[in-house]
Amino acid sequence: MDPPHKERRSPENGPSSARPCCSSLKMFLVALSFAYFAKALSGSYMKSTITQLERRFDIPSYLIGVIDGSFEIGNLLVIAFVSYFGAKLHRPKIIAMGCLLMSLGTFLIALPHFIIGRYKFETSIRSSVNSSSNLSPCPVRPSDLATGPSPTSGPSSGCEHESRLSMWIYVFLGNILRGIGETPVQPLGISYIDDHALEENAAFYIGTSTSQTNQFVPPVLGCVQTISVVGPVFGYILGSVCAKIYVDIGFVNMESISITPGDARWVGAWWLGYLIAGLITLLSAVPFWFLPKSLPLPERRLAKYSPERTSFIKDSPLLEHKYQADEPANFLEMAKDFLPTLRSLLGNPVYFLYLCVTIIQFNSLIGMVTYKPKYIEQHYGQSASKANFLMGVINIPAVALGMFSGGVIMKKFKLSIMGAAKFALGTSLLGYFLSLFFFTMGCENASVAGITRSYNGTESLYKADSSLWASCNANCKCPETSWDPVCGENGLTYVSPCLAGCRTSHGSGMDTVFEQCSCIAVGNHTASAGQCNNRDSCHRVFPYFLALSVITSFIISLGGTPGYMLLIRCIKPQLKSLALGFHTLTTRTLAGIPAPIYFGAIIDTTCLKWGQKKCGGRGACRIYNTTAYRIAYLGLTLGLRTASFFLCILGLVVLRRHVRRQERNTLANGGTGAAAGELQALRKEENNSCNSDQCPRTADYDPERETRL
């Protein structure tokens, strides 16, 4: 070998010889952390734009669920291929290509904004006083027509040139591309660190509490998982900023916009955030192109190998990588061994029950998180900007703090596998019982004439579009599908000034006043633009909702780290990689994809007034039955968690029996052999402060293994 390589191997030059390796590893760690930040930012920004996409493309919530789940579809399409073949290729460059695909997918999501044309919302408000004088919101119905709804008008002009391809398809395809590009980042990035970092540092770099040392690692190196938590915070804040900006900013005269961010017709600059997120993701790909395929192993890691193996690796590092690549005999033998191994894994009752519990709880979690900003908007009357801001600065940090605190508690009290299981179940139950108080923090429905209230304002109604007509507006030729709300002097919202029976109007923009409204029987018979904001009790209860939301998020997240460690310890070490991979595969397939779809479909059933697309057909929902929305959203979330608790209790009983059986087997075998190795995997070692050179190693430890998630 060349002299510099021999100098790297010399014992007396150990500290300085590791410097090039460590500097490259640190560069990889920084690059991987930035990639984690970029993918987490774009993923959380997608969640923050749900209501914006609904309104812009006039689609119901279940289609938004399809779009949201498309990321997992893209991920699952290539995860097996990337995890197996990617580890044998140039991992940094594979990650770089993944980042490029993520960036391309993010840009593709923003593409419809530039080809769909300007956003046109329903309104009868004049943009300027001179544009139209003496405009009557209530055109008189011809006398030969019976009272009731006017004939449904045909599609708007220009629809014959409208593309038959719905614009949301571009968002769907872009999100699939994002999922494909994200696939190599985690498994290849973590395996690269695990292969080249010192054993006591790898856990700190990756962010999992598996190291048994008490050595302090400089915080400047950071932690991948910690950085990935920061991404959602910035993603929701970016969503908040963009939601305040009108969708066609820079292309229209903002003085002509007669709606506010709190209006059900408002669409923010959703596309702008995707351009920013795409650019950040594109930049994250750059460092990986300059990183080597592999790094020389640190001297301290080589010292832990047997003398014969150390000599072999030192004399021929290239042969080491060749040896790793040639380990699998052939594809047929691997395929024959796969099914028995998977059968053995699923035959572990603890793992199988844990898998079922997490699938159910992930369905609850993903559905809840996906539609929580929408719930805040619709139920408490907050703008999309405020809902996203609160998610970013309150809920996400509470979850991150809870997961970190759970790891600290587990380490401080040296929790065994049973202790970790009980702690995770206890925090989940406490969070569940606290979440029941959300049912008491309800809001009354907005008072809308003909939908939630009768036209005289005394009777409560829950009928969609069936009672929009009354004697006071019977002579008006009104489009029954429009949503152009006005607030009457009587505190009642009317679907449109026409349906309020208003004859004249003056002013422009948000200062427009509608007069001679026959359905408003008090005062001067006038109405102002926009929906009435008279839900004072709702605004009073909203701070309590936020406080309880933070507390429950923190408490439930406390059990996240112990629960994850339970997954690792309840299986044999040689099955760990397969167990983690299969767990990720099943939760994404059975929770990540279906949960947003059926949550959205159930939410759609609570809609009271649907909008209409420009060229006909049902559009986005304009107003929901808030009581039914609350019961459906919270009931489904907590109902799934209720079902999971029955399996949790069963799993706890099975785990207790499993641990006792392993203890008996260990005592029967004299505390040695394979039984001791399996028990060591099931129970936490009593001495967490010993260093890696003194701690006993399990019998099946392989220093050349690669961690594949």
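Residues numbered from 1 in each chain as written. Predicted model: local features only at pLDDT ≥ 70, side-chain atom pairs only at ≥ 80, totals over all residues. Heavy atoms only, no water.

## Description of the overall build of the chain
Right, on to step 1. Across its full length, the chain holds 25 helices and seven strands.
Right, on to step 2. Relative to its 709 residues, the chain shows a buried fraction of 52%.
Right, on to step 3. Within the chain, contacts between residues separated by at least 24 positions form 78% of all contacts whose residues are at least 6 apart in sequence. (Helix = DSSP H or I, 4+ residues; strand = E, 2+ residues; numbered from the N terminus. Buried < 20%, exposed > 50% of the residue type's maximum accessible area, 1.4 Å probe, protein only. Contact = heavy atoms within 4.5 Å.)

## Here's the deal with the side chain of S557
Right, on to step 1. On the secondary structure map, S557 appears in helix α20 (residues 536–558).
Right, on to step 2. Ignoring sequence-local partners within four residues, the contact set of S557 consists of V399, G402 and M403.

## What about helix α4 (residues 50–57)?
Right, on to step 1. Burial analysis of α4 places eight of its eight residues in the buried class, which makes it a mostly covered element.
Right, on to step 2. Along α4, the residues classified as buried are I50, T51, Q52, L53, E54, R55, R56 and F57.
Right, on to step 3. Directly after α4, the chain includes D58, whose backbone phi takes a positive value near 50 degrees.

## Quick notes on the UniProt feature "transmembrane region" (unreviewed entry) in the chain
Right, on to step 1. In this structure's numbering, the residues bearing the UniProt feature "transmembrane region" (unreviewed entry) are residues 62–87, 94–116, 271–291, 351–369, 389–409, 421–441, 541–568 and 631–655.
Right, on to step 2. Structurally, residues 94–116 comprises 91% helix and 0% strand, and the distance from its first C-alpha atom to its last is 34 Å.
Right, on to step 3. A distance of 26 Å separates the end C-alpha atoms of residues 351–369, which is 100% helix and 0% strand. (UniProt positions renumbered as here; feature names shortened; annotations may be inferred.)

## Considering the packing of helix α23 (residues 594–604) against helix α24 (residues 626–668)
Right, on to step 1. One way to put it is that α23 packs onto α24 with a least axis distance of 9 Å and a crossing angle of 150 degrees. As judged from the angle between their axes, α23 and α24 are roughly antiparallel. Classified by chirality, the crossing of α24 by α23 is right-handed. Along the contact surface, α23 presents Y598, F599, I602 and I603, while α24 presents Y629, A632, Y633, L636, T637 and L640.
Right, on to step 2. Grouping the amino acids of the contact of α23 with α24 by side-chain chemistry returns nine nonpolar, one polar and no charged. (Axes fitted to C-alpha atoms, helices over the stretch in contact; angles between N-to-C directions. Parallel < 35°, antiparallel > 145°, perpendicular 65-115°, else oblique. Left-handed = near helix turned anticlockwise from the far one by under 90°. Nonpolar A, V, L, I, M, F, W, Y, C, P; charged D, E, K, R; others polar.)

## Observations regarding a nonpolar patch on the surface
Right, on to step 1. Together, M27, F34, M97, L100, L279, L282, L283, V286, W289 and F290 make up a nonpolar patch on the protein surface, roughly 910 Å² of accessible area in all.
Right, on to step 2. Listing elements by their share of the nonpolar patch, those giving two or more residues are α3 (19–48), α6 (91–110) and α12 (270–285).
Right, on to step 3. With three residues, the single largest contributor to the nonpolar patch is α12.
Right, on to step 4. With respect to the secondary-structure elements, V286 resides in the loop between α12 and α13 (299–302). (Patch = residues over 30% accessible without salt bridge, like charges linked within 9 Å, V, L, I, M, F, W, Y side chains within 5 Å. Areas by Shrake-Rupley, 256 points an atom, 1.4 Å probe, with all protein chains shown as cover. Salt bridge = Lys/Arg side-chain N within 4 Å of Asp/Glu carboxyl O.)

## Concerning the sheet that holds strand β4 (residues 513–515)
Right, on to step 1. The five strands lie next to each other as β2-β1-β5-β4-β3, forming an open sheet whose pairing is antiparallel. Every interior strand has two partners, whereas the edge strands, β2 (493–494) and β3 (504–506), have only one.
Right, on to step 2. Bridge analysis of β3 against β4 gives three bridges, and the strand direction is antiparallel. By the bridge assignment, S505 is partnered in β4 with F514. (Pairing = 2+ DSSP bridges.)

## Quick look at a positive patch on the surface
Right, on to step 1. A cluster of basic residues, K422, R656, R660, R661 and R664, forms a positive patch at the surface.
Right, on to step 2. Looking at the element boundaries, R660 is found in helix α24.
Right, on to step 3. Here R660 falls in the partly exposed class, since its relative accessible area comes to 46%. (Lys, Arg positive; Asp, Glu negative; His and termini not counted. Charge placed at Lys NZ, Arg CZ, Asp CG, Glu CD.)

## Focus on the nonpolar core
Right, on to step 1. Grouped together as the largest cluster of nonpolar side chains are 62 residues, with contacts concentrated most on L53, F57, I67, W270, Y274, Y380 and F545.
Right, on to step 2. Looking at this core, the element that brings in the most residues is α20, giving six residues.
Right, on to step 3. Viewed by domain, this core spans two of them, domain 1 (21–122 + 165–205 + 219–296) and domain 2 (335–443 + 538–657), each represented by three or more residues.
Right, on to step 4. Y274 has contacts with Y45, M46, T49, L53, T106, F107, I109 and A110, leaving out every residue within four places of it along the chain.
Right, on to step 5. Counting residues in hydrophobic clusters, the runner-up holds 34 residues, among them V350, Y351, L353 and L415. (Core = buried A, V, L, I, M, F, W, Y, C linked by side-chain atoms within 4.5 Å. Domains from an automatic or database assignment.)

## Here we look at the pattern of salt bridges
If the charged atoms of two oppositely charged side chains come close together, the side chains can form a pair.
Right, on to step 1. Evaluation of the coordinates by the stated rule reveals eight salt bridges.
Right, on to step 2. Between D68 and K47 there is a salt bridge whose closest N-O contact spans 2.9 Å. Taken as a pair, D68 in helix α5 (residues 61–85) and K47 in helix α3 lie far apart in primary sequence, 21 residues in all.
Right, on to step 3. On the accessibility criterion, D68 (9% relative accessible area) is buried.
Right, on to step 4. Across the salt bridge formed by E122 and R622, the nearest N and O atoms sit 3.6 Å from each other. Note that E122 is positioned in the loop between α7 (112–115) and α8 (168–182) and R622 in strand β7 (residues 618–624), a separation of 500 residues in sequence.
Right, on to step 5. Classification of R622 as buried rests on a relative accessible area of 8%.

## Notes on the state of the cysteines
The bond known as a disulfide is covalent and runs between the sulfur atoms of two cysteines.
Right, on to step 1. Applying the stated rule across the entire model yields six disulfides.
Right, on to step 2. Each disulfide pairs two cysteine sulfurs, and for C443 the partner residue is C538, the sulfurs being separated by 1.8 Å. Linking C443 and C538, the disulfide has an S-S dihedral of approximately 105 degrees and is accordingly described as right-handed. Here C538 lies in helix α20 and C443 lies in the loop between α19 (417–435) and β1 (486–488), a separation of 95 residues in the sequence. Neither residue differs from the other here; C443 and C538 are each classed as buried.
Right, on to step 3. Paired through a disulfide, C487 and C532 show a sulfur-sulfur distance of 1.9 Å. Its torsion about the S-S bond being 105 degrees, the disulfide of C487 and C532 is classed as right-handed. Of this pair, C487 sits in strand β1 while C532 is found in the loop between β5 (527–529) and α20, placing the two residues 45 residues apart along the sequence. (Disulfide = S-S within 2.5 Å.)

## Here we look at α8
Right, on to step 1. Between its terminal C-alpha atoms α8 stretches 21 Å, which fits the 21 Å expected from 15 residues at 1.5 Å a residue.
Right, on to step 2. Most of α8 sits out of view: eleven of its 15 residues are buried. (Expected span 1.5 Å × (residues − 1).)

## Quick word on unusual backbone geometry
It is generally the case that most residues other than glycine have a negative phi and that most peptide bonds are trans.
Right, on to step 1. One non-glycine residue with positive phi stands out, namely D58, at about 50 degrees.
Right, on to step 2. Locating D58 in the fold gives a position in the loop between α4 and α5.
Right, on to step 3. One non-glycine residue, H525, lies in the positive phi region at around 60 degrees.
Right, on to step 4. Judged by relative accessible area, H525 falls into the partly exposed class, the value being 35%.

## Let's talk about the packing of aromatic side chains
Right, on to step 1. This model, assessed by the stated rule, comprises 24 aromatic pairs.
Right, on to step 2. Note on Y375 and Y380: the rings are 6.1 Å apart at their centroids and 80 degrees apart in plane angle, and the pair reads as edge-to-face. Taken individually, Y375 and Y380 each receive the classification buried, so the pair is uniform in this respect.
Right, on to step 3. Centroid distance Y432 to F433: 5.5 Å. Interplanar angle 70 degrees. Geometry classified as edge-to-face.
Right, on to step 4. Since its relative accessible area comes to 12%, Y432 is described here as buried. (Phe/Tyr/Trp six-rings, centres within 6.5 Å; stacked < 30°, edge-to-face > 60°.)

## Notes on the side chain of R630
Right, on to step 1. Following the sequence through the fold, R630 ends up in helix α24.
Right, on to step 2. No salt bridge is formed by the buried R630; its nearest oppositely charged neighbour, E444, is found at 8.3 Å.
Right, on to step 3. Polar contacts involving the side chain of R630 include one to the side chain of H379, which spans 3.5 Å.
Right, on to step 4. Beyond its immediate chain neighbours, meaning those up to four positions away, R630 contacts Y375, H379, F438, F439, G442, C443 and G635. (Polar contact = N/O pair within 3.5 Å; in protein donor to acceptor, adjacent residues only side chain to side chain.)

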